[in-house]
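# Per-entry structural report
As a plain string of letters, each chain reads:
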Amino acid sequence: MTVPASWQVVDLAAQPGACVRFDRPTVYLGHPGDQASCPTNLAGRTAALIIEPLDAVATSRLTAQTAVTAPGAAVAGSAVSHDDAIQVAVRGAGVLVTAAHNPDTEDAVRRILASASLTRDARPAADSLLTRTAQTAAAPLAAAGPQPGTYTGKGFDTCAAPSQSTMNTWRNSSPYRAVGIYISGGSRSCSQPNLTANWVTNQTSNGWRLIPIELGRQAPCGTRQPKMSADATTARSQGVTAANSAVSAAQALGIPAGSAIYNDIEQYPSNASCKHAVLSFLSGWTQQLHARGYLSGMYSSGSSGITDVCGAYDDPAYTRLDHLWIAWWNGVANTDGGPYCNAAYYANHQRLHQYAGDVRETWGGVQINIDRNYLDVSTSVTEPPPTSWSAVVDNTTPGGFTASANWGTSAFSAQRHGADYRFADPVAASDPAWFRVNIPATASYEVSVWYPASTGYNEATPFIVATTGGNQTVTVNQRVNGGQWVSLGVFSMAAGDGDKVGVSRWTTGTGYVIADAVRFTRV
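Residues numbered from 1 in each chain as written. Predicted model: local features only at pLDDT ≥ 70, side-chain atom pairs only at ≥ 80, totals over all residues. Heavy atoms only, no water.

This part is about the packing of helix α6 (residues 232-253) against helix α7 (residues 272-291). Following both chains from N to C, one finds α6 and α7 inclined at 40°, their axes separated by 7 Å at the closest point. Comparing the axis directions of α6 and α7 gives the class oblique. Here α6 runs over α7; the crossing is right-handed. Of α7, the residues touching α6 (which contributes A232, A235, R236, Q238, G239, V240, A242, A243, N244, A246 and V247) are H276, A277, S280, F281, S283, G284, W285, Q287, Q288 and L289. (Axes fitted to C-alpha atoms, helices over the stretch in contact; angles between N-to-C directions. Helix = DSSP H or I, 4+ residues; strand = E, 2+ residues; numbered from the N terminus. Parallel < 35°, antiparallel > 145°, perpendicular 65-115°, else oblique. Left-handed = near helix turned anticlockwise from the far one by under 90°. Contact = heavy atoms within 4.5 Å.)

Here it is as structure tokens:
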């Protein structure tokens, strides 16, 4: 394959101790080592490729998102990006290619992958390797209970999960019994060759407590990419998406429900609008983790994210986190938040404190670059969940749907919800169909819509959501994802009876717009 001349090339066979990092454009050839030399203070990702033999070592890291090429092909057209990385098993050349990127570099990375071809020296991988891996991946091993569980004591975090031998040595020699691991997020800077379900099982069986971390969207006023939206409603929806991604990663690693997952939001120069976006993002994050059975945590610097979260501790506009991870490098191993967080907040075994950063420590002759932490946590202590409530309004619900005579009725599609659905031609005029519901309390609600899909339906149907901050419009492609609930996001909605979601005909798309059913769920 052809890469830009400015990219570095690192032969991992010649440099087995090299850190496989994604913050600078590089091609890595061979299997990543134990990654003990990776710095802790890398800033996000640009683009990088790992090209390694498709053997038993590499196939242990294949996932459901890995694209597998057809025999004789060098490119998999079905390759999808997951957590800002594309993974392709090139069976005809016997190599596994992992292409890390950020939103701005994905197109460039895909062009590089598209330039690949097989040479006459290519040697195919054995199909049995791929078959065996798929069977193994279908039943991931499990951690020894929710993580990090109930624990008071020292822990460390590092950019890449250490090798098994390193973990064994540090278990026997160091004062640490908890380790932070980056399980998900498109802003992670290091390769994670060691982080598998088997690794998770081994560590928790050996007495390690795990601190699962999502490192993804960052504050809109900060410098790191990718950023969350400055619009609070959109940021809240992005928090929901991040939670779903983190839960998927946790489940794939065998980290069970009841565990806490910590969203890493690096330092940012806070202001009122930025604070509102961050707290809205974390509200969506927390609500969705609770809906999926997990606890929510957040890591940030004391002077930015911690100050903002603790300042809003009693603010009903935001959903409170379960755990708080305070980055304050004062060198003191306790859970004090100093000037950044009132000691009465998150006081019930809900705190972690990163008290020193980017240090090298050697235990049992093995050195790692780490950040030092002190924990006083419990995953059995939670805030009471909000009263659950959900309602479905169909186009046939009495008193729940209104539309003009321009909207027809059809039962043609088997993907419909209920007996039938409504349809109308697009028009440059205001003629929405409205779904009406009685909201029990002003709070946050996930709004999902149901519609049959067809190539003849509209690819840009506007759904209007009546929020406490005014109407918000979300565009949906009704040619795909039919016959299922499709989330529009999480919105703050006012209590009371009224029109809450409309389906507009005013669109630049072509084909019928469809109004079938809407679901409201308090989160």
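Now, onward.
Here we come to helix α8 (residues 302-311). Note that an α-helix has 3.6 residues per turn; residues three or four places apart therefore point the same way. Judged by how many residues are buried, α8 sits mostly within the fold: seven of ten residues are covered. The complete set of buried residues in α8 reads G302, S304, G305, I306, D308, V309 and C310. In this structure, the buried side of α8 is in contact with α7, β11 (295-301) and β12 (323-327). (Buried < 20%, exposed > 50% of the residue type's maximum accessible area, 1.4 Å probe, protein only.)

What follows covers the sheet that holds strand β18 (residues 421-424). Strands sit in the order β17-β18-β25 across an open sheet of three strands; the sheet is antiparallel. A strand with exactly one partner marks an edge of an open sheet, and here the two such strands are β17 (408-410) and β25 (513-515). Within the sheet, the average angular offset between the axes of one strand and its neighbour, ignoring direction, is 35°. Looking at chain direction, β18 and β25 are connected through three bridges and run antiparallel. The partner of R422 across the bridge, within β25, is A515. (Pairing = 2+ DSSP bridges.)

Before going further, it helps to spend a moment on the nonpolar core. Among the nonpolar cores identified, the biggest contains 52 residues, and F156, I181, I183, W199, I261, W285 and L324 are the most heavily contacted of them. Listing elements by their share of this core, those giving two or more residues are α4 (164-173), β8 (178-184), α5 (197-205), α6, α7, α8, β12 and β14 (366-377). Core analysis: the next-biggest nonpolar cluster, separate from the first, contains 30 residues, F435, Y445, L488 and F491 among them. (Core = buried A, V, L, I, M, F, W, Y, C linked by side-chain atoms within 4.5 Å.)

Bringing the sheet that holds strand β6 (residues 95-101) into the picture now. Spatial ordering of the open sheet is given by β1-β2-β3-β6-β5-β4, a layout of six strands whose pairing is mixed. One side of each edge strand has no neighbouring strand; the edge strands of this open sheet are β1 (8-11) and β4 (67-68). Note: strand β2 (residues 26-29) against strand β3 (residues 47-53), four bridges, orientation parallel. Bridge assignment links T26 to a residue of β3, and that residue is A48. Here helix α2 (residues 106-114) sits on the sheet in contact with β3, β5 (85-90) and β6, set at roughly 160° to β6.

So, on to the state of the cysteines. The final tally for this structure, using the stated rule, is four disulfides. Between the sulfur of C19 and that of C38 lies a disulfide, 2.0 Å long from S to S. The disulfide joining C19 to C38 has a torsion of about 100° about its S-S bond and is therefore right-handed. Highlighted residues: C19 in the loop between β1 and β2 and C38 in the loop between β2 and β3, separated in sequence by 19 residues. When sorted by exposure, C19 lands in the same class as C38, which is buried. Note on cysteine connectivity: C221 is disulfide-linked to C274, with sulfurs 2.1 Å apart. Disulfide C221-C274: torsion about the S-S bond near -75°, hence left-handed. Residue C221 is found in the loop between β9 (209-214) and α6, and its partner C274 is found in helix α7; the two are separated by 53 residues along the sequence. On the basis of relative accessibility, which here comes to 22%, the residue C221 falls in the partly exposed class. Here C274 falls in the buried class, since its relative accessible area comes to 2%. (Disulfide = S-S within 2.5 Å.)

These figures capture arrangement, not role.
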